[in-house]
Amino acid sequence: MTDLLITNIGELTTNVDVPGNPCGTITDGALLIRDGRVAWVGRADDAPGVEDTATEVVDAGGRAALPGFVDSHTHLVFGGDRADEFEARMAGVPYAAGGIRRTVAATRAASDEELRARLTGLVAELHAQGTTTFEVKTGYDLTVDGEARLARLAAEVTPEVTFLGAHVVPAEFEDDRDAYVDLVVGPMLDAVRPHARWIDAFCETGAFTPAETARILRAGTSAGLTPRVHGNQLGPGEGVRLAVELGAASVDHCTYLSADDIAALADSDTVATLLPGVEFSTRHPYPDARRLIDAGVTVALASDCNPGTSFTSSMPLMIALAVREMGMTVAEAVWAATAGGARALRRTDVGHLGVGARADALILNAPTRTHLAYRPGVPLVHEVYRGGVRQS
Ligand code: NIG
Ligand code: FE
């Protein structure tokens, strides 16, 4: 593979932590990519010579570059559409987790080809908007074979597959929720396990109780999966406390937090993943990112792309919302959408552009990363490199 030197980068965000410069920003930077990894990074003036004819040189024309986005929370495998619920919410109807069952019915009715077509279409959207690493959850079938099918399809597009059998109790188990939890921790876990890396549960009124969540996540851990939690989305609750107690990689949503929740997070390795697309689309208040960051909590931003609460695949939109609505600086929001997502997925090879990182980089049609928030809704992605390969 030919070496690639990307030079004349006006503002290069590396996320290589330098005291006083947590985004590792380099003005007039350059990146040398070899065998799909970052081989050198620094000021363009100091870049290694390129007399070697095997080095391809890309002139970024003074544009900004940053690590590809790491979207650590999506639900991309599903059938159907719930635009009607969105419309009703905008007219004042509150969000209820029960809507998940509508997507479950549509997903069960869809063929593999239909689900795959939807999934690959959404993945193309993610890529076009600069996301180079993403997680995908199951959770819209809720039968043993069906959840295994969703995990298998998800594994075709990402290694970051999450088993979310505990999304809601399906209608057929309405009167016997214990039997459903037995199914999740037994045959469903066995069937999904070969395709998954993570286990998740929706710990919320209307979904799963703290005791059920703990049982499910412990079973997943015993089976070799690592826990993550949907918690504190619709109201205060035990999700955060449980996530920290069980050593979850991340607790996601974190919209309604107590002072104790924040202290517990600050004292843990659990990332708080904020999903502002949900608040945009449900009219709940945005999570208080400022308070979390000031308390020392590691914050990630993710899209939560799903048909119910956040049908967007746009990480630039998450950055714009975080800056406009959640008290984050641009640097914090960009870090949270790249390095923060990598932490939430416990990945050290992505989310930064230090030497040895996977060469996942994004060149913006803008001079600085600030434009991601300053120009909301504008497609600013000029070029995307994944593993050092330019995407068309
Ligand atoms: O992350 N919170 C639970 N699950 C999704 C919503 C799913 C749906 O409404 O279909 C979420 O917001
Ligand atoms: Fe979610």
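In this text the structure is predicted, and so the values were computed from the model without any measurement.

A. Structural view of the UniProt feature "binding site: Zn(2+)" (unreviewed entry) in the protein. In the numbering adopted here, UniProt assigns the feature "binding site: Zn(2+)" (unreviewed entry) to His 73, His 75, His 230 and Asp 304. Despite a sequence span of 232 residues, these residues sit close together in the fold, their greatest C-alpha distance being 12.2 Å. Residues that both appear in the annotated list above and line the largest cavity are His 75, His 230 and Asp 304. Counting through the fold element by element, His 73 comes out in the loop between β6 (69-71) and α1 (83-90). For His 73, a relative accessible area of 0% translates into the label buried. Here His 75 takes part through its side chain, which lies 3.2 Å from a polar atom of the side chain of His 73.

B. Expanded view of the coordination of the iron ion (ligand 2). Donor atoms from the polypeptide that coordinate the iron ion (ligand 2) comprise His 73 (NE2), His 75 (NE2), His 230 (NE2) and Asp 304 (OD), at 2.1 to 2.4 Å from the metal. Look at where the donors of the iron ion (ligand 2) fall in the sequence and you get H-x1-H-x154-H-x73-D. The buried category is assigned to His 75, whose relative accessible area is 3%.

C. The arrangement of the site of ligand 1 in detail. Taken together, 15 residues lie around ligand 1, and Arg 82, Tyr 95, Tyr 140, Asp 304 and Thr 309 are the ones closest in. One of the side-chain nitrogen or oxygen atoms of His 75 is found 3.4 Å away from an oxygen atom of ligand 1. Arg 82 places a polar side-chain atom, nitrogen or oxygen, 2.6 Å from an oxygen atom of ligand 1. Using a 2 Å cut-off from the grid points, one finds that ligand 1 occupies the largest cavity.

D. Looking closely at the UniProt feature "binding site: 4-imidazolone-5-propanoate" (unreviewed entry) in the protein. The positions that UniProt labels "binding site: 4-imidazolone-5-propanoate" (unreviewed entry) are, in the present scheme, Arg 82, Tyr 140, His 167, Gln 233 and Thr 309. Of the residues named above, Arg 82, Tyr 140, His 167, Gln 233 and Thr 309 line the largest cavity. Within the secondary structure, Tyr 140 is located in the loop between β7 (131-137) and α4 (144-155). Judged by relative accessible area, Tyr 140 falls into the buried class, the value being 1%. Here His 167 is to be found in the loop between β8 (160-166) and α5 (177-192). Note on His 167: relative accessible area 4%, which makes it buried. Beyond its immediate sequence surroundings of up to four residues, His 167 is in contact with His 75, Ile 100, Gly 139, Tyr 140, Leu 142, Phe 202, Ala 207 and Phe 208. At 2.9 Å, the side chain of His 167 forms a polar contact with the backbone oxygen of Gly 139.

Conventions adopted
- Residues numbered from 1 in each chain as written.
- Chains lettered and ligands numbered in written order.
- Predicted model: local features only at pLDDT ≥ 70, side-chain atom pairs only at ≥ 80, totals over all residues.
- Heavy atoms only, no water.
- UniProt positions renumbered as here; feature names shortened; annotations may be inferred.
- 1 Å grid on protein atoms, 1.4 Å probe; cavity = no way out; pocket = protein on both sides within 12 Å on 5 of 7 lines; lining within 4 Å.
- Helix = DSSP H or I, 4+ residues; strand = E, 2+ residues; numbered from the N terminus.
- Buried < 20%, exposed > 50% of the residue type's maximum accessible area, 1.4 Å probe, protein only.
- Polar contact = N/O pair within 3.5 Å; in protein donor to acceptor, adjacent residues only side chain to side chain.
- Donors = N, O, S within 2.8 Å, 3.2 Å for Na, K, Ca; no water.
- Near = heavy atom within 4 Å.
- Sits in = over half its atoms within 2 Å of the grid points.
- Contact = heavy atoms within 4.5 Å.

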